[in-house]
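# Geometric and topological summary
Here's the letter readout for the chains.
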Amino acid sequence: MKAQSANTTTESTIQNDFIRQIIAEEVKTNKNEEQVVTRFPPEPNGYLHIGHAKSICLNFGIAAEHEGRQCYLRFDDTNPSKENLEYVESIKTDVHWLGYDWGDRLRHSSDYFDQLYDYAIALIKMNKAYVCSLTTEQIKESRGTLRDQGKNSPYRDRSISENLDLFERMKAGEFADGEQVLRAKIDMASPNLNMRDPIIYRIKKMPHQMTGEKWCIYPMYDFTHCLSDAIEGITHSLCTLEFEDHRPLYDWILDTLKTPRHPQQIEFARLSLNYTVLSKRKLQELVENNLVSGWDDPRMPTLSGMRRRGYTSSAIRDFCDRIGVTRKNTQIEMGALENCIRKDLEAKTVRVMAVLKPLRVVIENYSEDQVEQLDAPNHPDDASMGTHQVPFSRVLYIEQEDFLEAPPKKFFRLAPGREVRLRYAYFITCQAVIKDEKGDIVELRCTYDPETRGGSAPDGRKVKGTLHWVSESHAIKAEVRLYDRLFNHPNPGADGSDFKAALNPNSMEVLSDTLVEASLANAQAGVRYQFERKGYFCVDPVDSSKEALVFNRIVTLRDSWAKIEKANKRA
RNA sequence: UGGGGUGUAGCCAAGCGGUAAGGCACUGGGUUUUGGUCUCGGGAUCCCAGGUUCGAAUCCUGGCACCCCAGCCA
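Residues numbered from 1 in each chain as written. Chains lettered and ligands numbered in written order. Predicted model: local features only at pLDDT ≥ 70, side-chain atom pairs only at ≥ 80, totals over all residues. Heavy atoms only, no water.

Chain A appears in an unreviewed UniProt entry as Glutamine--tRNA ligase from Candidatus Thiomargarita nelsonii. Its UniProt record gives chain A the following Catalytic activity (unreviewed entry) comment, quoted word for word: "tRNA(Gln) + L-glutamine + ATP = L-glutaminyl-tRNA(Gln) + AMP + diphosphate". What UniProt records for chain A under Subunit (unreviewed entry) is the sentence "Monomer." (UniProt positions renumbered as here; feature names shortened; annotations may be inferred.)

Encoded structure:
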């Protein structure tokens, strides 16, 4: 049996956020005769990030909790100038990886272009929409400001037949981009800017990733989204807070067109994480300026980046469960995310030894030609995970930071004359320190106690420190990439400066002389390990090969010695 | 002195008139062949001010702070 509690990743906490409460109440009072249906509606104009994961978990999660289990994956592709198929594919990959399946409910807003066009015609016929011939600047001017109401367009009272004709000609390509737009006729005096005769169709003479050359007019988000929801039979249209002001328009369109269904829009706060940025625009900027290696750079908060880094989807789902869903703008600490991945990996990961920054150790009383295979459990608290063997010999390497000539208080590791345990092996005592001409330590001469094989002394004597190690002649050289937070400011760019100025120059440290234990010879791409005492690592799926292993550090272990060290320095 | 939102511990977050859950972080102890894990313990009177009530984080009034909105982006 595992020592830790069972509900780390398999059982998720029962969620009862305000949205689920609303839905539960409605189900109870049978408001929706149909079942609960949701949708995740990304625009394919970038890669998904951890913020999208929150929405995915919410939408697919809620659907899964109700009869029918329906959640659509809908690409909101109404702007061909920003969208492309590469993004579509990456989004599908990421949603699946996160553990969700849309079944046969894959849709594009562009699937509805014909219906949307008909709805626009209907609006015109109801005298609720008109073609406006004002220029972009004129529309902007007449819209008014936050304080002052707008002015009616001189084209607002065109006849229905003229509007029908003009709209038809817009569709036929008779006008240039920007020359005409279709606007909903609502109220230019509304205090809500979205209601001041919003544009619902614009001319864009460019091919669309899905519909090709068929259209040169494209519907705007506000017109498209509510109708797409209605067409699909979405019952609850969950979106982020900035769309709150759009809800009256969402409702106006559906009410005015008397759609058979009227989904309910509910807004929640988007995720914000400190020490990173979660905005497709900013992430794209990092990619385009080569400040990271790509959308899947392991330092990126994108799902593809986190996946490559070694994050598990279960940890991300757990994270989304823990942060909750509210209407409060908050900033979550990176530590909360790290806690989730540590917790997940703690239970699942095989323990191995890897010396990141090696220091040579010669065991003087161990014969040169001897090699012992020592048993090492794969997991200290889960015998069912089995064991593996690690070779021990006369020349070893330990971590440089595990030896100090002049150890401070509470330093339990190796020092001249001190005895420590080599994990799963023997107690060793440092007898001499060898330095080069510059005075740098290059080697330690130690002795071992043959009686302590396996790591405990028959006489009952204790040692405070246990070090990880590798055997020189058996170890495998590997590259290790130590990742740290991408930014060194909790809220990059918040003070009005360029967010890129807050980039952490030390967000990646590449170690090329790392030595890993022999059992890692066949480490497969994407597999995660715990390097004992150092952290969780993942075989890089892109750059690693059997000949040249590359490991990414997913996250460090909690390090209480680092805290003591810090406190020592302060004192 | 336009409209829409939000304010519970350092960070999240329950609470829905009956006397402040939980998690993360921090911190103290125990266990431990990872200074890991596990485990036990420690912190708030709920933005402020009035009011209603036997009783308010929860209701009312008035403030204050912060966020969002003036793309032919989503």
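Having put the structure on the table, let's press on.
The next subject is the protein's contact with RNA strand B. Taken together, 67 residues lie near RNA strand B, and Arg413, Arg423, Gly454, Arg558 and Ser560 sit nearest. Contact distances for RNA strand B include 2.8 Å between a sugar or linking oxygen and a side-chain N or O atom of Arg322. Here Tyr424 contributes a backbone N or O atom positioned 3.3 Å from a base oxygen of RNA strand B. Among the secondary structure elements, those contributing two or more residues to the surface near RNA strand B are helix H5 (136–142), strand E6 (199–203), helix H11 (313–323), helix H12 (334–348) and helix H13 (560–570). (Near = heavy atom within 4 Å. Polar contact = N/O pair within 3.5 Å; in protein donor to acceptor, adjacent residues only side chain to side chain. Helix = DSSP H or I, 4+ residues; strand = E, 2+ residues; numbered from the N terminus.)

Right, let's get into the domain arrangement of chain A. Entries for chain A in the domain assignment read domain 1 (6–106 + 222–273 + 312–323), domain 2 (114–221), domain 3 (274–311 + 324–348 + 475–571) and domain 4 (358–471). Relative to domain 4, the C-alpha centre of domain 1 lies at a distance of 54 Å. (Domains from an automatic or database assignment.)

Before going further, it helps to spend a moment on the nonpolar core. In this structure, Ile50, Ile56, Phe60, Val95, Leu273, Ile316 and Phe319 are the most contacted members of the largest nonpolar core, which totals 39 residues. Mapped by element, the contributors of at least two residues to this core are helix H2 (50–64), strand E2 (70–75), helix H3 (85–97), helix H10 (303–309), H11, H12, strand E24 (535–539) and strand E25 (549–556). Looking at this core element by element, the count peaks at six residues for H2. The residue makeup of this core includes at least three contributed by each of domain 1 (6–106 + 222–273 + 312–323) and domain 3 (274–311 + 324–348 + 475–571). Core analysis: the next-biggest nonpolar cluster, separate from the first, contains 35 residues, Tyr117, Tyr201, Leu227 and Ala230 among them. (Core = buried A, V, L, I, M, F, W, Y, C linked by side-chain atoms within 4.5 Å. Buried < 20%, exposed > 50% of the residue type's maximum accessible area, 1.4 Å probe, protein only.)

In this model helix H4 (residues 113–125) runs 18 Å from its N-terminal to its C-terminal C-alpha over 13 residues, within 8% of the 18 Å that 1.5 Å per residue would give. Every buried residue belonging to H4 is among Phe113, Leu116, Tyr117, Ala120, Ile121, Leu123 and Ile124, and all of these are buried. Down the axis of H4, the smallest arc covering the buried residues is 160 degrees, so these residues share one side. Within two residues after H4, Asn127 carries a phi angle of roughly 65 degrees, on the positive side. (Expected span 1.5 Å × (residues − 1). Arc of directions from axis to C-beta.)

Now for the packing of aromatic side chains. One pass over the structure, following the stated rule, counts 20 aromatic pairs. Measuring from centroid to centroid gives 6.1 Å for Phe487 and Phe499, while their planes differ by 45 degrees, and the two rings are tilted. Highlighted residues: Phe487 in the loop between strand E21 (476–483) and strand E22 (508–516) and Phe499 in the loop between E21 and E22, separated in sequence by twelve residues. The exposure class of Phe499 is buried, given its relative accessible area of 3%. One aromatic cluster is present, built from ring pairs that chain together Phe113, Tyr117, Phe167, Tyr201, Trp215, Tyr218 and Phe223. Across from the ring centre of Tyr117, 4.5 Å away, lies the NZ or CZ of Lys171, which sits over that ring. The aromatic ring of Phe499 is capped on one face by Lys282, whose charged end is 5.5 Å from the ring centroid. (Phe/Tyr/Trp six-rings, centres within 6.5 Å; stacked < 30°, edge-to-face > 60°. Lys NZ or Arg CZ within 6 Å of the ring centre and 35° of its normal.)

So, on to the UniProt feature "domain: tRNA synthetases class I (E and Q) anti-codon binding" (unreviewed entry) in chain A. The positions that UniProt labels "domain: tRNA synthetases class I (E and Q) anti-codon binding" (unreviewed entry) are, in the present scheme, residues 466–540. For the annotated span residues 466–540, helix accounts for 0% and strand for 41% of the residues, and the straight-line distance between the end C-alpha atoms is 28 Å.

One can find Gln209 in the loop between E6 and strand E7 (217–219). Gln209 sits 125 residues away from Asn84 along the chain, and the two C-alpha atoms are 6.0 Å apart. Not counting residues within four places of it along the chain, the set of residues in contact with Gln209 comprises Pro44, Asp77, Glu83, Asn84, Leu85 and Val88. (Contact = heavy atoms within 4.5 Å.)

Let us look at the environment of His379. With respect to the helices, strands and loops of the structure, His379 is situated in the loop between strand E13 (372–377) and strand E14 (387–392). Along the sequence, His379 and Glu346 sit 33 residues apart, while their C-alpha atoms lie 9.0 Å from each other. In this structure the side chain of His379 is engaged in a polar contact, spanning 2.8 Å, whose partner is the backbone oxygen of Glu346. Within the local environment of His379, its side chain forms a polar contact with the backbone nitrogen of Asp381, the two atoms lying 3.0 Å apart.

Here the phi dihedral of Asn127 falls at roughly 65 degrees; this positive angle occurs in a residue that is not glycine. A positive phi angle, close to 70 degrees, is found at Lys410, a residue other than glycine. Relative to the helices and strands, Lys410 is located in the loop between strand E15 (395–399) and strand E16 (419–422).

Our focus in this paragraph is the sheet that holds E25. Taken in spatial order, the seven strands of this open sheet run E10-E23-E24-E25-E21-E22-E11, and their pairing is mixed. Here the strands that pair on one side only, and so sit at the sheet edges, are strand E10 (350–352) and strand E11 (354–355). On top of the sheet, H12 reaches E10, strand E23 (528–531), E24 and E25; it is set at about 120 degrees to E25, its chief contact. (Pairing = 2+ DSSP bridges. Axes fitted to C-alpha atoms, helices over the stretch in contact; angles between N-to-C directions.)

To continue, consider the sheet that holds strand E4 (residues 129–132). Read from one edge of the open sheet, four strands run E4-E5-E6-E7, paired in antiparallel fashion. If you trace the sheet from one side to the other, it starts and ends with E4 and E7, each paired once. Strand-to-strand, the axes of this sheet are offset by a mean angle of 20 degrees, without reference to chain direction. This element, H4, spans E4, strand E5 (181–184), E6 and E7 of the sheet and lies at about 120 degrees to E6. Against the sheet, helix H6 (residues 160–171) contacts E4, E5, E6 and E7, and its axis sits at roughly 60 degrees relative to E4.

So, on to the confidence of the model for chain A. In this model, chain A carries a mean pLDDT of 95, and residues with pLDDT of at least 70 account for 97%. Between residues 1–11, whose pLDDT stays under 50, and residues either more than four places distant or in other chains, the model counts 13 contacts. Scoring the predicted complex yields pTM 0.96 and, for the interface, ipTM 0.97. (pLDDT = per-residue confidence, 0-100.)

With that out of the way, let us pick up the packing of helix H7 (residues 221–232) against helix H8 (residues 247–257). Between H7 and H8, whose axes approach to 9 Å, the crossing angle comes to 60 degrees. As judged from the angle between their axes, H7 and H8 are oblique. Crossing of H7 over H8 shows right-handed handedness. Taken together, the residues of H8 that come into contact with H7 (itself represented by Asp222, Phe223, His225, Cys226, Leu227, Asp229 and Ala230) are Leu249, Tyr250, Ile253, Leu254 and Leu257. (Parallel < 35°, antiparallel > 145°, perpendicular 65-115°, else oblique. Left-handed = near helix turned anticlockwise from the far one by under 90°.)

Close approach of charged atoms allows side chains with opposite charge to pair. For the structure on display, the rule yields 45 salt bridges. A salt bridge links Arg20 to Asp17; the shortest N-O distance between them is 2.8 Å. Of the charged contacts, one joins Asp165 and Arg169 as a salt bridge, the two residues approaching to 3.3 Å between their closest N and O atoms. Of the two residues, Asp165 and Arg169 are both situated in helix H6; the distance of four residues between them amounts to about one turn of the helix. Among the residues examined, Arg169 registers a relative accessible area of 28% and is labelled partly exposed. (Salt bridge = Lys/Arg side-chain N within 4 Å of Asp/Glu carboxyl O.)

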